[in-house]
Amino acid sequence: MATHQLNGQIGTDPNFTPTTHTGHSRKHVKASHDHPKMKLAAEEQEIYDGKKGDVLQKAIKTVVAYGELFGAEKLVDLGGAPHLAVSWGSDGVEPLLKIYKQLAEAGLKTYAPFTADPKPMDPVHLPVTDQEQAAVDKIYNRMDELAELNMKLGMRSKKDWSCACYLPEMGNTPNRGDNLAWSESSAINYVNSVIGARTNRNSMGVDMLCDILGKAPQFGLLTDEGRQAVWLIEVKTTKLPHPEMIGSAIGFKCMEDVPYITGMDRFISGIDEQSSGYLKDLGAATASNGALGLDHMEGVTPEAVDKGRDLLNEGYQTYVIDDAELDRIYKTYPNLWKDKQGTPQRVFLGCPHMSYRQMTDWGTRIVDAMKKAGKDKVGVPTYMFGSQYVKDAFETKNPEVAKKLKGYGVSIPINCPMMWCSTPVEGAELVATNSNKTRVYTTARFFFDDALTELIVTGKLPANVA
Amino acid sequence: MAKATFKGRPAVPGNVEGSVEVSHIGFNTCATYVDVLIAGSDSGVCQDHDNQDLFGHDLADKIVCIPQTIGSSSAATLFMIILDKGIAPKAMLFANHIDSLAACGILMGDNWLGKRIVTVDLLGDDFLDAVTTGDKVKVHEDGTIEVG
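One structure accompanies this document, and this report is about it. (Residues numbered from 1 in each chain as written. Chains lettered and ligands numbered in written order. Predicted model: local features only at pLDDT ≥ 70, side-chain atom pairs only at ≥ 80, totals over all residues. Heavy atoms only, no water.)

**Some words on the nonpolar core**
Grouped burial of nonpolar side chains is what soluble globular proteins tend to show.
Inference 1: Counting 97 residues, the largest nonpolar core has A:L103 and B:M92 as the members making the most contacts within it.
Inference 2: If you tally residues by element for this core, the top one is helix α2 (residues 54–69) of chain A, at eight residues.
Inference 3: Residue contributions to this core reach at least three from each of two domains, namely domain 1 (30–69 + 72–222) and domain 3 (346–458) of chain A.
Inference 4: Sequence-distant contacts of B:M92, defined by excluding residues within four places in its chain, comprise B:F27, B:V64, B:I66, B:T69, B:F79, B:I106, B:I117, B:V118, B:T119 and B:V120.
Inference 5: With 69 residues, the next largest nonpolar core counts A:I268, A:Y319, A:L326 and A:Y389 among its residues. (Core = buried A, V, L, I, M, F, W, Y, C linked by side-chain atoms within 4.5 Å. Buried < 20%, exposed > 50% of the residue type's maximum accessible area, 1.4 Å probe, protein only. Helix = DSSP H or I, 4+ residues; strand = E, 2+ residues; numbered from the N terminus. Domains from an automatic or database assignment. Contact = heavy atoms within 4.5 Å.)

**Remarks on the sheet that holds strand β8 (residues 312–321) of chain A**
Neighbouring strands of a sheet are bound in pairs by backbone hydrogen bonds; such pairs are parallel or else antiparallel.
Residues and elements named next belong to chain A.
Inference 1: The four strands lie next to each other as β7-β6-β5-β8, forming an open sheet whose pairing is parallel. With partners counted over all chains shown, the strands left at the sheet margins are β7 (296–297) and β8, one partner each.
Inference 2: Pairing of strand β5 (residues 229–235) with strand β6 (residues 259–262) involves four bridges; the strand directions are parallel. Paired with W231 across the strands is P259, a residue of β6.
Inference 3: The strands touched by helix α8 (residues 243–254) within the sheet are β5, β6 and β8, with β8 carrying the most contacts at an inclination of about 130°. (Pairing = 2+ DSSP bridges. Axes fitted to C-alpha atoms, helices over the stretch in contact; angles between N-to-C directions.)

**Notes on the sheet that holds strand β13 (residues 445–446) of chain A**
Residue and element names in this part refer to chain A.
Inference 1: Pairing within the open sheet is parallel, and its five strands lie in the order β11-β10-β9-β12-β13. At either margin of the open sheet sits one strand with a lone partner, and together these are β11 (410–411) and β13.
Inference 2: Relative to β11, strand β10 (residues 382–384) is paired through two bridges, and the arrangement is parallel. Bridge assignment links Y383 to a residue of β11, and that residue is S411.
Inference 3: Packing of helix α17 (residues 449–458) onto the sheet brings it into contact with β9 (346–349), β10 and β12 (431–433), and relative to β9 it is tilted by some 135°.

**Describing the pattern of salt bridges**
All names here are of chain A.
Inference 1: Across all of its chains, the model carries 32 salt bridges over all chains by this definition.
Inference 2: A salt bridge links D257 to K27; the shortest N-O distance between them is 3.7 Å. Of this pair, D257 sits in the loop between α8 and β6 while K27 sits in the segment before α1 (42–48), and the two are 230 residues apart along the sequence.
Inference 3: Accessibility expressed as a relative area gives 66% for K27, which makes it exposed.
Inference 4: Here E429 and R346 are joined by a salt bridge, their closest N and O atoms 2.6 Å apart. Linking E429 in the loop between α15 (417–422) and β12 with R346 in strand β9, this pair joins segments that are 83 residues apart in sequence.
Inference 5: Classification of R346 as buried rests on a relative accessible area of 12%. (Salt bridge = Lys/Arg side-chain N within 4 Å of Asp/Glu carboxyl O.)

**Overview of the packing of aromatic side chains**
Residues and elements named next belong to chain A.
Inference 1: For the structure on display, the rule yields 15 aromatic pairs over all chains.
Inference 2: Ring geometry for Y333 and F446: centres 6.0 Å apart, planes at 90°, overall edge-to-face. You can see Y333 sitting in the loop between α11 (323–332) and β9 and its partner F446 sitting in strand β13, a full 113 residues away along the chain.
Inference 3: Residue classification places F446 among the buried positions, given a relative accessible area of 4%.
Inference 4: With 6.0 Å between their ring centres and 50° between their planes, W337 and F447 make a pair best called tilted. In this pair, W337 sits in the loop between α11 and β9 while F447 sits in the loop between β13 and α17, placing the two residues 110 residues apart along the sequence.
Inference 5: Accessibility expressed as a relative area gives 1% for F447, which makes it buried.
Inference 6: In textbook terms, an aromatic cluster arises when at least three aromatic residues are bridged by ring pairs, as seen for Y330, Y333, F446 and F448.
Inference 7: Here the basic side chain of K61 rests over the ring of Y48, its NZ or CZ set 5.4 Å away from the ring centre.
Inference 8: Just above the ring of Y319 sits the side chain of K253; from NZ or CZ to the centre is 4.8 Å. (Phe/Tyr/Trp six-rings, centres within 6.5 Å; stacked < 30°, edge-to-face > 60°. Lys NZ or Arg CZ within 6 Å of the ring centre and 35° of its normal.)

Spatial relationships are all this shows, so hold off on functional conclusions.
Below you can see the structure in the form of structure tokens.
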């Protein structure tokens, strides 16, 4: 059995950064400052005083204490719909399951039907050996319990597991200005930046409690001042930078401070089907190499379009990103494969889950490359990860491409590639990926699209990147 | 008379006293309790081999002094697990601002398990220079820390 990778390396902080993890720096706060208590509305006070039952009372007491630690002075109503990051049922999350059980037994549900992050495994589209499956079953021994509790607490349906819940096919898409209490870092960055909804980076547990109450403490990214930028990022690359690389660079530099990015409107004219996938991946990279919950992009993202450089706070710092800087960042990525020069065993595409457009583009790219090479089987097992909804849409609208991909041996799993790689029995496989997030949290190696395409077709990496 | 006194923010207030365990680097909750998470261990001994200040030290019922917690998002549930198992520190003293993972875990333990880790943050960088593992400290509910 492979060695596990759980020695502090998974989760929101694989780089061990000294941040608050809320997406809002509190470096300026001192003990001597005023730390106001939250002012509750009458109905909230009733819950706090236990007049609506002890379970709701525990929920609001936790949420209020949590908010006060980060400077919240009141609770705000939530809009849109919840999305929860807990998607694996194991003994490690037993305390949360116990809380979920108490909430369910009290007959409570979230304020709107919710979606959740993808499950760790997909035995249909990404199967493992019987021996490995037995080990996996032991690790994720509470999956059925979690799924059952989720349904009782308001999960939208049994197929609503995806980190990219905001994509139109899945439809958990908040409106601009909606307050949310989400906890999936990549989704948080997307809805804050690309949609203009408002959510802090919440911890697992607090997200569910907020969603049961339909309220969240107002601090950080739920406030106008918390959404102001303190970094000016000047992009001076000669072409549209790879989203994973520029996101990675910004994450390393800004950690959890909000950046205002300029120079990208030379390449991106607004939010559309193509750019939304790009921004999804860029944001996920900022949230995995750093802890960013929001980035503004001049001329592109909604708040930057409306407010422009008024979003920049006085005294901001500047970071210039050019081709050389991105090259420098790429060269810092370590090779964590057990056999550093080994032949990749799998190719994982899409973390966060692919959009419909990304799946179509990658599917077409693979088909074209296979045709050109005269091949009928991929050189290495290849997986394009997406939600059940995106998968269905792709297969329905592109039946010929989907059929060819299946014939070549390309699968479309609906689970989380990152968790799959982090599951102890899988940890030592040599995985090649196009995702910086998967790279950061696992031993997978990141490669650019051309290299991955050659790998998929031939089973070998190009000599210049191997 | 106390050797030194510090005033922080009582994040989860309480009055406790005892001997301290001091880490000068970020406290990696997941790595510290990795055997609790993976193997169901009932031990509060720090397993984080990257933390030479605490590695091998039993932190159960101790007062743990740290800059901040770092690492996996599993930290919140881990705080609840160690509280449930009775192997948690009695107090956590943060030189910096508490992070959301520790805050969430400690507050959920407090409110849902009825078990408290007294927590004080914002004690300042000097605090960790003033305490040494084995020192006796008193934690007051207003966030005052008396060392020695």
